[in-house]
Amino acid sequence: FMKPTTTISEGEMIHAGRAAAAGIQAGDVLALVGDLGSGKTHFTKGLAAGLGCAAEITSPTFSLVHEHRGRELAIFHFDFYRIESAGELIALGWDDYLDAGGICVIEWADRFPEVLPAYTQWLKLEIQDDRSRLISPMEKP
């Protein structure tokens, strides 16, 4: 889906997300794993822009999920950071989102990998020693 990519600015991270949008299809689930400040939300901003979404993309830390409309697809942007259990996620309607035919993008996805479908595409975002960011595909944790 995506080859390892290094970014050195927020703009480059947004560009990487925009480029990744070209490989996204209805029903895809994209799991983002990385520490605070690794670029998960900026990557999602670019992905949404690449899918034709004009909305302001912010981290759904407190609301847990934001819904956006792209040109042709809905984008469901999740943040698992404040979710306490897989049961809480299921109660939010997780299965309905998976079945909605949009795209699910999940920040902090490694908190509940057991609820993510087998076809999930996993990306790790890492802060490098020089403060650049490395985006690379990874296996389900």
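Note that the structure is predicted; figures quoted are calculated from it, not measured. (Residues numbered from 1 in each chain as written. Predicted model: local features only at pLDDT ≥ 70, side-chain atom pairs only at ≥ 80, totals over all residues. Heavy atoms only, no water.)

Visitor: Report on helix α2 (residues 40-50), specifying residues and quantitative values.
Guide: The periodicity of an α-helix, 3.6 residues per turn, causes residues three or four positions apart to be oriented the same way. Listed in full, the buried residues belonging to α2 are Lys40, Thr41, Phe43, Thr44, Gly46, Leu47 and Ala48. Residues of α2 that are buried sit in contact with α1 (10-20), β2 (29-33), β4 (74-79), β5 (103-107), β6 (121-127) and β7 (133-137). Positive backbone phi, at 85 degrees, marks Gly52, one or two positions downstream of α2. (Buried < 20%, exposed > 50% of the residue type's maximum accessible area, 1.4 Å probe, protein only. Helix = DSSP H or I, 4+ residues; strand = E, 2+ residues; numbered from the N terminus. Contact = heavy atoms within 4.5 Å.)

Visitor: Residue-level account of the nonpolar core, with values.
Guide: Phe78, Phe80, Trp94, Cys104, Ile106, Val115 and Leu116 are the most contacted members of the largest nonpolar core, which totals 23 residues. Where this core is concerned, the elements lending two or more residues are β2, β4, α3 (86-91), α4 (94-99) and β5. Setting aside chain neighbours within four positions, we find Val115 in contact with Phe80, Ala86, Leu89, Trp94 and Leu98. Grouped together as the second largest cluster of nonpolar side chains are 21 residues, Ala16, Phe43, Leu51 and Leu125 included. (Core = buried A, V, L, I, M, F, W, Y, C linked by side-chain atoms within 4.5 Å.)

Visitor: Tell me what's going on with α1, and back it up with residues and numbers.
Guide: The set of residues buried in α1 consists of Met13, Ala16, Gly17 and Ala20. The buried residues of α1 occupy one face: seen down the axis, they fall within an arc of 100 degrees. (Arc of directions from axis to C-beta.)

Visitor: How would you sum up the packing of aromatic side chains? Please name residues and give values.
Guide: Under the counting rule described, the total for this entry stands at 7 aromatic pairs. Summarising the aromatic geometry, the rings of Phe78 and Phe80 are spaced 6.2 Å apart at their centres and angled 75 degrees between planes, so their arrangement reads as edge-to-face. Owing to a relative accessible area of 0%, Phe78 belongs among the buried residues under this scheme. Between Phe80 and Trp94 the ring centres are 5.7 Å apart and the planes differ by 70 degrees, which places this aromatic pair in the edge-to-face class. Of this pair, Phe80 sits in the loop between β4 and α3 while Trp94 sits in helix α4; the two residues are 14 residues apart in sequence, bridging distant segments of the chain. Every member of this aromatic cluster is reached through a ring pair, and the members are Phe76, Phe78, Phe80, Trp94, Tyr97 and Phe112. Lying across the ring of Trp108, Lys40 places its NZ or CZ 4.3 Å from the centre. (Phe/Tyr/Trp six-rings, centres within 6.5 Å; stacked < 30°, edge-to-face > 60°. Lys NZ or Arg CZ within 6 Å of the ring centre and 35° of its normal.)

Visitor: Give a description of the sheet that holds strand β3 (residues 65-69) that names residues and reports values.
Guide: With respect to topology, 7 strands assemble into an open sheet ordered β1-β7-β6-β2-β5-β4-β3, the strand pairing being mixed. Each having just a single partner strand, β1 (5-7) and β3 make up the two edges of the open sheet. Between one strand axis and the next, the sheet turns through 20 degrees on average, direction left out of account. Across 4 bridges, β2 lies against β5 in parallel orientation. (Pairing = 2+ DSSP bridges. Axes fitted to C-alpha atoms, helices over the stretch in contact; angles between N-to-C directions.)

Visitor: For the side chain of Thr120, give the residues involved together with the corresponding values.
Guide: Tracing the sequence through the fold places Thr120 in the loop between β5 and β6. When its relative accessible area of 9% is taken as the criterion, Thr120 is described as buried. Only 2.7 Å separates the side chain of Thr120 from the backbone oxygen of Pro117, close enough to count as a polar contact. When sequence neighbours within four positions are dropped, the list of residues in contact with Thr120 reads Val29 and Ala31. (Polar contact = N/O pair within 3.5 Å; in protein donor to acceptor, adjacent residues only side chain to side chain.)

Visitor: I'd love a proper account of unusual backbone geometry, names of residues and values included.
Guide: Here Trp108, not a glycine, exhibits a phi torsion of approximately 60 degrees, which is positive. Note on Trp108: relative accessible area 14%, which makes it buried. Although it is not a glycine, Arg131 sits at a positive phi angle of roughly 75 degrees. Note on Arg131: relative accessible area 56%, which makes it exposed.

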